[in-house]
2 protein chains.
Amino acid sequence: MTLFIDMDEVIADTYMAHIEIYNKDFDGSLTVEECMGKEVWQCVPEEHQKSVRDHAKQEGFFINLKPIKDSKEVLQALHEKYALFIASAAMQFPNSLREKSQWLDEHFPFIHWKNRILCGNKHILKGDLLIDDRSYNLDSFDGDTLLFTSPHNIHSNGHPRAKNWLEVADKLL
Amino acid sequence: MTLFIDMDEVIADTYMAHIEIYNKDFDGSLTVEECMGKEVWQCVPEEHQKSVRDHAKQEGFFINLKPIKDSKEVLQALHEKYALFIASAAMQFPNSLREKSQWLDEHFPFIHWKNRILCGNKHILKGDLLIDDRSYNLDSFDGDTLLFTSPHNIHSNGHPRAKNWLEVADKLL
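Named according to an unreviewed UniProt entry, chain A is HAD hydrolase-like protein originating from Pelagihabitans pacificus. Its UniProt record gives chain A a comment under Sequence similarities (unreviewed entry), which states: "Belongs to the 5'(3')-deoxyribonucleotidase family."

Written out as structure tokens, the structure reads:
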């Protein structure tokens, strides 16, 4: 079985990073609870939205992300059982490409460079299962899908859902 | 129709770049004619082979590549007719990722970031046709194939061949 796993908000915690950087930059007290069902930039005053949307262009943004809870252990086990690929829609931010590669080296060294894909559009992937936090990526994928719960997607429907990595492990291991 | 096109030695002339850098570094006079059927590193004295194999790790190697003859015009026309994606096995050289993105911005600006794929292994691509200079990429692709002639692959068999971009245009336009 060939398995594709998204990076941002699935194994790398961009959502909390956006909140932390926003709070630091604007001396804010935004919490994840206030953001449920929305993107972080939608939860800040309009005059700060561009700043939040530009986080991903900052040098160091991707390299400093924390891995999502239990992702390392579950991916290690999935890697031993399946053909596992990381598939990240990273081409939008060319500065991020090297950081994303370095981040994988640091946190997921068992995922060989041959098993890393940076793409713009996931409908060109051929495999059995895609785990992603974005419904539009899952909609266009020609295989089984699993929506990985992230604060922004709690109201999304239409795909089977895993709310954390232990649930993925339950389904696949 | 979904079309995947490789970068190195298909739209970007890495082969001649290897020869030029080698000749400059070692005051050499290697020509492409001497290299036919081989990789450039196989055509230099053993003590220089590592240097040639490390070219791709040098900063500036990928950004300075010349586009392959007629590739811009033919890709522009293919882009207007088909769903065209660039698929480069770039993950081996993390330093190259940003340069490859910049190089595409410079020479092929009409190819949107959503249509750019950096991957390690091309068997995960789902589409109709792959144009590549490496038989091993074409072997594992689940669709039609076209071997793009490069000095190193002149003796390869087993796939339909295009010896230049005008031949590709003849077949596809």
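1. Thoughts on the overall build of chain A
When helices and strands are counted, chain A shows seven helices and six strands. Reading the helices (α) and strands (β) of chain A from amino to carboxyl end gives β-α-α-α-α-β-α-β-β-α-β-β-α. Each of the three principal axes of chain A carries a C-alpha extent, and together these read 45 × 35 × 30 Å. Residues classed as buried in chain A amount to 52% of the 173 residues present. Look at the contacts in chain A between residues 6 or more apart in sequence, and 62% of them connect residues 24 or more apart. A total of about 8000 Å² of accessible surface is found on chain A, and carbon and sulfur atoms cover 47% of it.

2. Topic: helix α7 (residues 165-172) of chain A
All names here are of chain A. Those residues of α7 that fall on the buried side of the exposure criterion are Trp165, Val168, Ala169 and Leu172. Taken end-on, α7 shows its buried residues confined to a sector of 100°, consistent with a single buried face. At the N-terminal boundary of α7, the capping side chain belongs to Asn164, with an oxygen 3.0 Å from the backbone nitrogen of Leu166.

3. Regarding the domain arrangement of chain A
Residues and elements named next belong to chain A. The domain architecture assigned to chain A consists of domain 1 (2-13 + 66-172) and domain 2 (14-57). The C-alpha-based centres of domain 1 and domain 2 are spaced at 23 Å. Taken together, the contacts link 13 residues of domain 1 with 13 residues of domain 2. Between domain 1 and domain 2 the total buried area reaches about 1000 Å² when both faces are included, carbon and sulfur atoms providing 55% of it. On the domain 1 side of the interface with domain 2, the three residues burying the most area are Asp13, Phe93 and Pro151, jointly 48% of the side's total. For the interface between domain 1 and domain 2, the tally reads two salt bridges. At the junction of domain 1 with domain 2, the criterion picks out eight residue pairs in polar contact (both at pLDDT 80 or more). Within the side of domain 1 that touches domain 2, the residues separate by chemical class into four nonpolar, four polar and five charged.

Definitions and cut-offs
- Residues numbered from 1 in each chain as written.
- Chains lettered and ligands numbered in written order.
- Predicted model: local features only at pLDDT ≥ 70, side-chain atom pairs only at ≥ 80, totals over all residues.
- Heavy atoms only, no water.
- UniProt positions renumbered as here; feature names shortened; annotations may be inferred.
- Helix = DSSP H or I, 4+ residues; strand = E, 2+ residues; numbered from the N terminus.
- Buried < 20%, exposed > 50% of the residue type's maximum accessible area, 1.4 Å probe, protein only.
- Contact = heavy atoms within 4.5 Å.
- Areas by Shrake-Rupley, 256 points an atom, 1.4 Å probe, with all protein chains shown as cover.
- Arc of directions from axis to C-beta.
- Polar contact = N/O pair within 3.5 Å; in protein donor to acceptor, adjacent residues only side chain to side chain.
- Domains from an automatic or database assignment.
- Buried area = accessible area lost by both parts, 1.4 Å probe.
- Salt bridge = Lys/Arg side-chain N within 4 Å of Asp/Glu carboxyl O.
- Nonpolar A, V, L, I, M, F, W, Y, C, P; charged D, E, K, R; others polar.

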